[in-house]
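Below, each chain spelled out in residue letters.
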Amino acid sequence: MRTEAEILTLVNQAIGMSPYNAALGMHAIEASREGATIVVPYRPELVGNPDTGVLHGGVITGVVDGACGIAVFLRRGSPARIATLDLRIDYLKPATPPKDVRVRAECHKLTRQVAFVRASAYHDDPADAIAAAAGTFIIFEDQESPMGRLVSEKP
Amino acid sequence: MSQPAAALSELLAAARASGDFSAVVRAIPFARFVGMELTKGDGGGLVGKLRYAEHLTGNPLVPALHGGTLGALLESIAVFAVLAETESPKTPKTISITIDYLRSARTVDTFARADVVRQGRRVATVRSLAWQDDPNKPVAAANVLLLLA
């Protein structure tokens, strides 16, 4: 069995394989079979409204999509390639500048072909969410992804 | 010394008067980060463009654009469609967005347009569509709910 620290290191390597995840500054602070918690640090380049300094909704969409994909890899523990089918995001309240955003993503149901994921975005308190999301992913059992291979790697 | 940046609300008022929203897009840091532009389409509606750059890639092996970049484009074009069609001085706030990923999006320029399906006093329902070479082969679509007041 890998330790949590080993899983976290592999997940962060996997995040780094996706240029856009890396460009957003995404990094995991917690990862297990149950799910992943990803942080995106506040940066002026990611602001959607220059008058208020609030992050663009598209930043949340990007982190949620990336975090949900990681949650599917973690739950499956196999290297199969996946792709997002759909993603719904409810914006519960504006993000507070200049706070970092955390996204907790969990794959709550897995079938042979489809994975169902839930995610929530918040600053410090998971109970005080900025956004709530639900997504589905298609699983390509006959194709491997290096990201999936990394996360599912046996020690 | 450079000129102090105009407030977004001032740029918006000017854009509504002229129908040219390009200065508004340029004033949004995240739009610059992803390389978004806004032009007038053939049919008169606004067309968003996501200029491809390496950092927008989600999966370098396919290679495919990151789903988050398409979501950002679809949400932005929905907001601009409503801004272009309403007089309200407020910037619409996104209530929710539901994105369908229809095809793997290649690492090339991506375009988007939006139709305001229904605009009430408080809420607008907008459908956005993103495509690459062929508008008849969309790569992603979204249903966006916006709070207007």
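Up top you'll find the structure we're talking about.
Numbering of residues begins from 1 in every chain and follows the order in which that chain's sequence is written. Labels are handed out in written order, letters beginning with A for the chains and numbers beginning with 1 for the ligands. Where totals are concerned, whole chains, interfaces and linings use all residues; where local detail is concerned, this predicted model gives features only for residues with pLDDT of at least 70, and gives and counts side-chain atom pairs only at 80 or more.

Turning to the interface of chain B and chain A, a few remarks are in order. Tallying the contact residues gives 35 residues for chain B and 30 residues for chain A. Numbering of helices and strands starts at the N terminus; helices are DSSP runs of H or I of at least 4 residues and strands are runs of E of at least 2. At the level of elements, α1 (8–18), α3 (29–34), β3 (57–59), α4 (67–85) and β5 (93–101) of chain B are the ones that each hand at least two residues to the side of chain B that touches chain A. Polar here means any residue outside two lists: the nonpolar Ala, Val, Leu, Ile, Met, Phe, Trp, Tyr, Cys and Pro, and the charged Asp, Glu, Lys and Arg; Gly therefore counts as polar. A breakdown of the residues in the side of chain B that touches chain A according to their chemical character gives 16 nonpolar, 16 polar and three charged. Strands are labelled as partners when DSSP assigns at least two bridges between them. Two strands pair when backbone bridges link them, and strand β5 (residues 80–91) of chain A and β5(B) are joined in this way by five bridges, in the antiparallel orientation. Bridge pairing in β5(B) links A:L87 to B:I99. Throughout, a pair of residues is in contact if the C-beta atoms placed from their backbones lie within 7 Å.

Another aspect to go through is the environment of B:S104. Counting through the fold element by element, B:S104 comes out in the loop between β5 and β6 (110–119). Burial in this document is a count-based property: other C-beta atoms within 10 Å of a residue's C-beta are tallied, and the residue is buried at 20 or more, exposed at 12 or fewer, or partly exposed in between, with C-beta positions derived from the backbone. The exposure class of B:S104 is partly exposed, given the 13 C-beta atoms found within 10 Å. For the pair B:S104 and B:K93, spaced eleven residues apart in sequence, the C-alpha separation works out to 29 Å. In this view, B:S104 contacts A:A83, B:V62 and B:A64; residues no more than four positions away in its chain are not counted.

This next bit is on the environment of A:I29. All names here are of chain A. The residue I29 is located in strand β1 (residues 27–32) in this model. When the C-alpha positions of I29 and P19 are compared, they lie 19 Å apart, and in sequence the two are ten residues distant. Residues contacting I29, with those up to four places away along its chain left out, are T37 and V39.

Okay, the pairing of β1(A) next. Two strands pair when backbone bridges link them, and β1(A) and strand β2 (residues 35–40) of chain A are joined in this way by five bridges, in the antiparallel orientation. From the neighbouring strand, A:A31 faces β2(A), where its bridge partner is A:A36.

Before going further, it helps to examine the sheet that holds strand β7 (residues 123–131) of chain B. Pairing within the open sheet is antiparallel, and its twelve strands lie in the order β1(A)-β2(A)-β6(A)-β7(A)-β8(A)-β5(A)-β5(B)-β8(B)-β7(B)-β6(B)-β2(B)-β1(B). Among the strands making up the open sheet, the edge pair consists of β1 of chain A together with β1 (36–40) of chain B. Shown here is a sheet whose adjacent strand axes are inclined to one another by a mean of 20 degrees, direction ignored. Between N-to-C directions, angles span 0 to 180 degrees; the directions come from axes that are lines fitted to C-alpha atoms, helices contributing only their stretch in contact. Sheet strands touched by helix α1 (residues 4–16) of chain A: β1 and β2 of chain A. Its angle to β1(A), the strand with the most contacts, is close to 135 degrees. Lying over the sheet, helix α3 (residues 57–76) of chain A contacts β1, β2, β5, β6 (101–110), β7 (114–122) and β8 (129–144) of chain A together with β5 of chain B, oriented at roughly 40 degrees with respect to β6(A).

Turning our eyes to something else, we now look at unusual backbone geometry. In this chain, A:P97 is followed by A:P98 through a cis amide linkage whose omega measures -5 degrees. When you line up the elements, A:P98 lands in the loop between β5 and β6. Look at the link from B:V62 to B:P63: it is a cis peptide, with omega at -15 degrees. Residue position: B:P63 is located in the loop between β3 and β4 (64–65).

Only buried residues count toward a nonpolar core: Ala, Val, Leu, Ile, Met, Phe, Trp, Tyr and Cys, linked into one set through C-beta atoms within 7 Å. By size, the foremost hydrophobic cluster in this structure holds 92 residues, and its most contacted members are A:V63, A:V64, A:A67 and B:A78. The residues contacting A:V64, other than those within four sequence positions of it, are A:L87, A:I89, A:V103, A:A119, A:A121 and A:A133.

Another point: the packing of α3(A) against α4(B). Contact geometry for α3(A) and α4(B): axes closest at 8 Å, N-to-C directions at 150 degrees. Taken as axis vectors, α3(A) and α4(B) run roughly antiparallel relative to one another. α3(A) and α4(B) meet at a crossing whose hand is right-handed. Residues A:G57, A:G58, A:T61, A:G62, A:D65 and A:G66 of α3(A) form the contact with α4(B), whose participating residues are B:G67, B:G68, B:T69, B:G71, B:A72, B:E75 and B:S76. Residue classes in the contact of α3(A) with α4(B) are distributed as one nonpolar, ten polar and two charged. Reported orientations rely on four angle classes, namely roughly parallel under 35 degrees, roughly antiparallel over 145, roughly perpendicular from 65 to 115, and oblique for the rest. Each crossing gets its handedness from the near helix: less than a right angle anticlockwise from the far helix is left-handed, clockwise is right-handed.

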